[in-house]
Amino acid sequence: MTMAPQTTALEISIDDTIRIVKHTKYGVWDFFEEDDPSEHATMFSEFRVKARAMMNSAPYVWRALREVLSIPGCKGLVFLYTGSNLVKSLVPAVSIWFQGQLIRLMETAIETGHIDTDYLYFLCAGRVACSVASDLLSHLSHRFRESLNLHIQRTFALRTFSAYARLDVPTFERPDVTQRLGGSIAGRMHRSPPIWTPIDTMIGLFGTFTQAGSQLAVLFNALRGRGDSAKAAAAVALAAELMPLAVLRSGMFSSRKASAVTSHDPDYIKVQGWKHIVGHKTYRKELVAGNLAPFAIEEYRAATERLGDAGDVSWNEVQTKRRGAWRTIFSTKHLFTNLPQIAFTLHAARDPRHMAEALASLHLVQTSAQALSSSIGRAFHAANTIGGSLSALRDAYEGGDIENIVPDGTVAFSPSSDLPTSSGVHIEFRNVSFKYPGTDNYALKDVSFTLLQGQLCVIVGANGAGKSTILKLILRLYDPNEGTILLDGFDIRTFKLSDVRRAMTVLFQDYSHFPLSVRDNIALGYPDGASTDEQVREAAALGGAAELIESLPRGYNAYLRSHVPSMISAPGSGSRSLSGKPFDSKAVAKAANIASSVGRDLSGGQMQRLAIARTFMRSVRAESQVGLLLFDEPSASLDPIAEHELFTRLREFRGQKTMVFSSHRFGKLTRHADLILYMNASGLVESGGHDVLLERDADYARLWKMQAEAFL
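Residues numbered from 1 in each chain as written. Predicted model: local features only at pLDDT ≥ 70, side-chain atom pairs only at ≥ 80, totals over all residues. Heavy atoms only, no water.

Chemist: Hey, could you run me through the overall build of the protein in this one?
Modeler: Of regular secondary structure, the protein possesses 26 helices and 14 strands. Relative to its full complement of 712 residues, the protein shows a buried share of 39%. Taking contacts inside the protein between residues at least 6 apart in sequence as the whole, the part at least 24 apart equals 74%. For the protein, the accessible surface area stands at approximately 39,100 Å², while carbon and sulfur atoms represent 57% of it. (Helix = DSSP H or I, 4+ residues; strand = E, 2+ residues; numbered from the N terminus. Buried < 20%, exposed > 50% of the residue type's maximum accessible area, 1.4 Å probe, protein only. Contact = heavy atoms within 4.5 Å. Areas by Shrake-Rupley, 256 points an atom, 1.4 Å probe, with all protein chains shown as cover.)

Here's what the structure looks like:
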């Protein structure tokens, strides 16, 4: 299929600056690439940038090396690893020397008619020894490297974990922070430690340069004394191997640019969407129940016909077409491969008596050139990636110093203060406005209210009115853009964050269930590791989850979700052993005690009961320290009976604590509330007690009557 790429230049305004972006159309694909003319001034611009970055990162490398050598057991492993790599890098040169000596021995035998058999055996044994030594050293080097990775990973995994754990919500949500920390923590902590990677790369580079230099030295020595035509033929052989590599790797020095690829073709998007629908279990019920198969087939057929051949082009094929220059280089590689044979043939034709030596020399030069090309290729690759490893090293040291957006306070907030939290917390919002990071619309606008100690507040209103946002601001997950929040009469920002959150317990609407056991999920409500089984059971009972947990196969030790992969494999159905016995995987599964996570088998209401139990855990463990209970849609997934039981327990359990609910089902709550906040998209509309708001006969009263009529 022939594609005619269409390229246009786009002017994009970013921060009042005009940027030029090239747009190239490849069939259904749109490729966008920045175009900065200043980058074309020299092909070595990126090389200079990388060299400068390496120099700036040198202090981090020395720091990393000192820390690695200080880890118990690592100093010896580093020297063993470096030594094995160095010795391994010299083995190819020794092998070339033995091969060169074999050629000289052959020449002597042809000229004199006599061969030194002892020396021949020695050279053959040397070649074999080189092969054995290379394999043995590679094995040892790999073992030393793995041991170093394990030692270093154990030491520095805590640093990575801590860097992630200490981030507050708005800081963690920043894309640049996630990128700086290296993306997914699970993936990062399974890779080589960033503190070791650049050191490992430099050790590899040192070995690679040693190998390439020793190979060249031995090869030139082997060719010493030969005629100019033989040396010229050898030079052609080296060029044949190195030139394609050098041209290809020269792309390393070209300027890298920001780019993006996507497809806006509606038919292509539709085809991919239907493929996903029919290929995934998620949509199977609706696909079958809705009798969608005939429609899906027709939609897919029509879209693929409209696409034609363009729909068959993958992005990898487009990338290949974009790299047409490299394809030209590779297409000429066969010519480079044949040049050495032609050169050595012409050399041998001038002196047919030495045809055998010429062929042996050709083999020596080609083998050496291939090994040298491989070494230089590895050096190019290492040099091209070391910038990234140095950047990761710098981030590993600086990641722990990322400043949180929500600053910590300095004043203690504890039960020993003048207004102990055991009697509740006084909350006041003064003209509070807030926008979530990266958005232009206000989630809250000029909200003011006062909630006295020990009072019950219910926030009602439509979805998106800002009910959950109020709770997040009280917890200082975020700080308001405008206005002030007071806690017991003082600006909440003056108190220590740990003290404020220790005095509160919260159940979010989008609550989390951690990939831990049921017991650990509940105990995390008071995370000091000292919760007893009795306290966990008490919290479970308060949350209405005790009976549910007892019914689970492993009870409190059941895992809601496990990230440890388990697999059972067995021959196909109907397979039998040699004795004719059918294979049965049940015994293996029972012995391995493999059980699936229970979270996928629980309903939304059951999962919410477990989350409520965790919320109660803090009050069970630290009755006097908790003065504020926050609940965000706590009964959203509960049936009416469970909802009634929950609200009854909460009212009985509350005592003198301040309690704040957000809910859109508020009939059982608002009649007992001291303060009701009715909100909509424009902000706080009404506030007051239940009877007062009903007498006012405004928005709250209409919503109350609407919900009440549903039960009449």
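Once you've had a look at it, read on.
Chemist: What is the right way to read the sheet that holds strand β6 (residues 444-451) from this model?
Modeler: Across a sheet, paired strands are connected by hydrogen bonds in the backbone, their directions being either parallel or antiparallel. The strand order across the open sheet built from 4 strands is β6-β5-β8-β9, with neighbouring strands paired in antiparallel fashion. Whereas interior strands pair on both sides, the edge strands pair on one side only; in this sheet they are β6 and β9 (490-491). Relative to strand β8 (residues 482-487), strand β5 (residues 427-434) is paired through 5 bridges, and the arrangement is antiparallel. Note that in β8 the partner of F429 across the bridge is I485. (Pairing = 2+ DSSP bridges.)

Chemist: Which parts of the structure should I look at to understand the sheet that holds strand β10 (residues 504-507)?
Modeler: Reading across from one edge, β10-β11-β12-β7-β13-β14 is the order of the 6 strands in this open sheet, with mixed pairing throughout. With one partner strand each, in any of the chains shown, β10 and β14 (683-688) form the two edges of the open sheet. On average, each strand axis in the sheet is inclined to that of its neighbour by 15 degrees, with strand direction left out of account. Across 5 bridges, the pairing between strand β7 (residues 456-461) and strand β12 (residues 658-663) is parallel. By the bridge assignment for β12, I459 is matched with S662. In the packing of helix α22 (residues 604-621) onto the sheet, the strands contacted are β10 and β11 (628-632), and the crossing angle to β10 comes to about 175 degrees. Those strands touched by helix α23 (residues 640-654) are β7, β11 and β12, and its axis lies near 160 degrees from that of β12. (Axes fitted to C-alpha atoms, helices over the stretch in contact; angles between N-to-C directions.)

Chemist: Teacher, can you tell me more about the environment of I199 here?
Modeler: On the secondary structure map, I199 appears in helix α7 (residues 197-222). In this structure the C-alpha to C-alpha distance between I199 and A64, which are 135 residues apart in sequence, comes to 8.1 Å. For I199, the residues in contact, after removing those within four places along its chain, are A64, L65 and V68.

Chemist: How do you make sense of a nonpolar patch on the surface when you look at a structure like this?
Modeler: There is a patch of nonpolar side chains on the surface, built from F514, L516, L524 and Y559 and spanning about 310 Å² of accessible area. Its place among the elements puts F514 in the loop between β10 and α18 (518-523). Look at F514 and you get partly exposed, because its relative accessible area is 33%. (Patch = residues over 30% accessible without salt bridge, like charges linked within 9 Å, V, L, I, M, F, W, Y side chains within 5 Å. Salt bridge = Lys/Arg side-chain N within 4 Å of Asp/Glu carboxyl O.)

Chemist: Where do I start with helix α9 (residues 266-279) in this structure?
Modeler: The α-helix advances 3.6 residues per turn, and as a result positions three or four apart in sequence lie on the same side. The end-to-end C-alpha separation of α9 is 20 Å, in line with the 20 Å expected for 14 residues at 1.5 Å each. Buried residues of α9: D267, Y268, V271 and W274, and no others. Taken down its axis, α9 places every buried residue within 130 degrees of arc, on the same side. The inward-facing, buried residues of α9 abut β3 (29-34) and α11 (293-307). (Expected span 1.5 Å × (residues − 1). Arc of directions from axis to C-beta.)

Chemist: What is the right way to read the packing of helix α19 (residues 533-542) against α22 from this model?
Modeler: Packed helix pairs are specified by the crossing angle of their axes together with the interaxial distance, meaning the distance between the axes. Running from N to C, α19 and α22 point in directions that differ by 125 degrees, and their axes come no closer than 8 Å. Considering their axes alone, α19 and α22 lie oblique with respect to each other. In this structure, α19 crosses over α22, and the sense of that crossing is right-handed. Here Q535, V536, E538, A539, A540 and L542 of α19 lie close against α22, whose contacting residues are A613, F616, M617, V620 and R621. Per-class residue counts for the contact of α19 with α22 are 8 nonpolar, 1 polar and 2 charged. (Parallel < 35°, antiparallel > 145°, perpendicular 65-115°, else oblique. Left-handed = near helix turned anticlockwise from the far one by under 90°. Nonpolar A, V, L, I, M, F, W, Y, C, P; charged D, E, K, R; others polar.)

Chemist: Sorry, what's going on with the pattern of salt bridges here?
Modeler: It is possible for side chains of opposite charge to pair when their charged atoms get near one another. What the rule picks out here adds up to 14 salt bridges. With its nearest N and O atoms 2.4 Å apart, the salt bridge here joins E298 to R301. Pair noted here: E298 and R301 are both in helix α11, with a separation of 3 residues, about one helical turn. With relative accessibility at 40%, the residue E298 sits in the partly exposed group. Its relative accessible area of 36% is what places R301 among the partly exposed residues. Between R493 and D491 there is a salt bridge, with its nearest N and O atoms 3.1 Å apart. Each of E298, R301 and E305 takes part in salt bridges that share partners, so that together they form one network.

Note that every value here comes from positions in space, so none of it alone points to a role or purpose.
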